[in-house]
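In case you want the letters, here they are:
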Amino acid sequence: MDVNDHSHDVIFISIILPFVLALCTVRKLSHLAPFSLFANALTLAGLVIIAIDLFQDLPPTSSRKLYADFRQLPLFFGTAIYAFEGIGVILPLENKMKEPEAFTGWTGILNTGMTIVAVMYIATGFYGYLKYGEAALGSITLNIPNEPLYISVKLIFALAIFISYSLQFYVPMQIMWPSLRERISNERWQLPLEYVFRAFLIMFTFTMAAVIPDLGLFIALVGAASSSTLALIFPPILDMISFYKQKSLLRLLKNLFILIFGLFVFVSGTAVSIKEIINTLFL
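Computed from a predicted structure; not experimentally measured.

1. Regarding the overall build of the protein chain
And step 1. Helix and strand content of the protein chain: nine helices and zero strands.
And step 2. The C-alpha atoms of the protein chain give a radius of gyration of 21 Å, which matches the 19 Å a tight globule of 283 residues would have.
And step 3. Principal-axis analysis of the C-alpha atoms places the extent of the protein chain at approximately 60 × 50 × 45 Å.
And step 4. Within the protein chain, the fraction of its 283 residues that count as buried is 29%.
And step 5. Within the protein chain, contacts between residues at least 6 apart in sequence are counted, and of these 77% link residues at least 24 apart.
And step 6. As displayed, the protein chain has an accessible area near 18,500 Å², and 71% of this comes from carbon and sulfur atoms.
And step 7. Where the 18 positive side-chain charges of the protein chain centre and where its 18 negative ones centre are 10 Å apart.

Here it is as structure tokens:
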């Protein structure tokens, strides 16, 4: 990435930082629901506009490689897990629903939502690579033409991410803050210090966004290091501990397979991502 382009990114990040700080002062999940709905509507509109570009002048599939180099597999696993992994918000959403039983089941909200997301991801990835080939960047919005219609897509997704940031931010706050609050004896200071802690976490994420210029590598690193832990390593361990008395061989084999796969993604994906980030920054 060009140094000037990266400096422009840092300037833009600094401009929107105060607005994100203000949005993340919202403390109740129910108050964030309208923002999430609006962000989903924006995302859908952006995907429709992107599809208009992707479906134009498509080359034949024979002009593209069927598969990438094996050394890129860890980066793919990290990126894919990052894209699909939403385990952090599953339990909070289910707990806050009026009818939690509607969340699970074959046609429940979870399966229906993940099916829709999977179809959109696969379609965007397939046609994006078919259209742009090896020139495809970490985000498809970086490949689309600089025309008014497609520039609006970047604004739409930027606004959608901005709005949905507070929803994603809700989960780590719910996990980390209660244990810290217990250490504050004076109740008068609990709320002000909570806002300070919120600001600290936001500043940390924005610093990471400013320091790491390659979005694709950052996504792969987060996916391999944290998402694989939450989605593939902890769940089978907890399942084996919780249901060890059942002594089901099939359940044990399933958990071991998921655990070993998760460890592979964690180790290989994290190592490759860090190596690529170092090469991007210093070489």
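2. Observations concerning the nonpolar core
And step 1. Among the nonpolar cores identified, the biggest contains 14 residues, and Ile50 and Val153 are the most heavily contacted of them.
And step 2. Listed by contribution, the elements that provide at least two residues to this core are helix H2 (29–54) and helix H6 (148–181).
And step 3. For this core, the element with the most residues is H6, which contributes six residues.
And step 4. In terms of nonpolar packing, the next biggest core, distinct from the first, is built from 13 residues, Val20, Trp177, Ile202 and Phe206 among them.

3. What about the confidence of the model for the protein chain?
And step 1. Model confidence for the protein chain is summarised by a mean pLDDT of 83, while 94% of its residues fall at 70 or above.
And step 2. Per-element mean pLDDT across the protein chain ranges from 69 in helix H4 (residues 87–96) up to 89 in helix H7 (residues 190–211).

4. Brief notes about the pattern of salt bridges
And step 1. Using the criterion set out here, one finds five salt bridges in the structure.
And step 2. Ionic pairing is found between Glu134 and Lys65, a salt bridge with its closest N-O pair at 3.9 Å. Here Glu134, found in the loop between helix H5 (109–132) and H6, pairs with Lys65, found in the loop between H2 and helix H3 (73–84); they are 69 residues apart in sequence, far enough to count as distant.
And step 3. A salt bridge links Glu194 to Arg198; the nearest nitrogen and oxygen atoms lie 3.2 Å apart. Of the two residues, Glu194 and Arg198 both sit in helix H7, four residues apart, roughly one turn of that helix.
And step 4. Residue classification places Glu194 among the buried residues on the basis of a relative accessible area of 6%.
And step 5. A relative accessible area of 6% places Arg198 in the buried class.
And step 6. A single salt-bridge network, built from bridges that share partners, covers Arg27, Glu194 and Arg198.

5. Side note on empty space enclosed by the protein
And step 1. Within the structure shown, the criterion is met by one cavity of 30 Å³ or more.
And step 2. Here the largest cavity defines a volume of roughly 40 Å³.
And step 3. Lining the largest cavity, in full, are Cys24, Val26, Arg27, Leu32, Ser166, Phe169, Tyr170, Met173 and Arg198.
And step 4. The greatest single-element share of the lining of the largest cavity, amounting to four residues, is contributed by H6.
And step 5. Considered class by class, the residues forming the lining of the largest cavity number six nonpolar, one polar and two charged.

6. A short note on the packing of H2 against H5
And step 1. Their axes nearest at 10 Å, the elements H2 and H5 cross at an angle of 30°. Relative to H5, the element H2 lies roughly parallel. For the crossing formed where H2 meets H5, the hand is left-handed. On the side of H2, the interface is formed by Leu47, Asp53 and Leu54, while H5 contributes Met120, Thr124, Tyr127, Gly128, Lys131 and Tyr132.
And step 2. Here the contact of H2 with H5 is built from residues that sort into five nonpolar, two polar and two charged.

7. Describing the layout of surface pockets
And step 1. Here the second largest pocket is characterised by a volume of approximately 160 Å³.
And step 2. For the second largest pocket, the full set of lining residues is Leu44, Leu47, Val48, Ile50, Ala51, Leu54, Phe55, Met120, Ala123, Thr124 and Tyr127.
And step 3. For the lining of the second largest pocket, the elements supplying multiple residues, two or more each, are H2 and H5.
And step 4. Counting residues per element, the lining of the second largest pocket draws most heavily on H2, at six residues.
And step 5. Of the residues contributing to the lining of the second largest pocket, the split by class is ten nonpolar, one polar and no charged.

8. Digging into the side chain of Ser268
And step 1. Take Ser268: it is sitting in helix H9 (residues 249–282).
And step 2. Judged by relative accessible area, which is 16%, Ser268 ranks as buried.
And step 3. Of note is the side chain of Ser268, whose polar atom sits 2.5 Å from the backbone oxygen of Phe264.

Rules and cut-offs
- Residues numbered from 1 in each chain as written.
- Predicted model: local features only at pLDDT ≥ 70, side-chain atom pairs only at ≥ 80, totals over all residues.
- Heavy atoms only, no water.
- Helix = DSSP H or I, 4+ residues; strand = E, 2+ residues; numbered from the N terminus.
- Rg over C-alpha atoms; globule rule 2.2 N^0.38 Å.
- Buried < 20%, exposed > 50% of the residue type's maximum accessible area, 1.4 Å probe, protein only.
- Contact = heavy atoms within 4.5 Å.
- Areas by Shrake-Rupley, 256 points an atom, 1.4 Å probe, with all protein chains shown as cover.
- Lys, Arg positive; Asp, Glu negative; His and termini not counted.
- Charge placed at Lys NZ, Arg CZ, Asp CG, Glu CD.
- Core = buried A, V, L, I, M, F, W, Y, C linked by side-chain atoms within 4.5 Å.
- pLDDT = per-residue confidence, 0-100.
- Salt bridge = Lys/Arg side-chain N within 4 Å of Asp/Glu carboxyl O.
- 1 Å grid on protein atoms, 1.4 Å probe; cavity = no way out; pocket = protein on both sides within 12 Å on 5 of 7 lines; lining within 4 Å.
- Points joined across faces, edges and corners; volume = space filled by probe spheres on them.
- Nonpolar A, V, L, I, M, F, W, Y, C, P; charged D, E, K, R; others polar.
- Axes fitted to C-alpha atoms, helices over the stretch in contact; angles between N-to-C directions.
- Parallel < 35°, antiparallel > 145°, perpendicular 65-115°, else oblique.
- Left-handed = near helix turned anticlockwise from the far one by under 90°.
- Polar contact = N/O pair within 3.5 Å; in protein donor to acceptor, adjacent residues only side chain to side chain.

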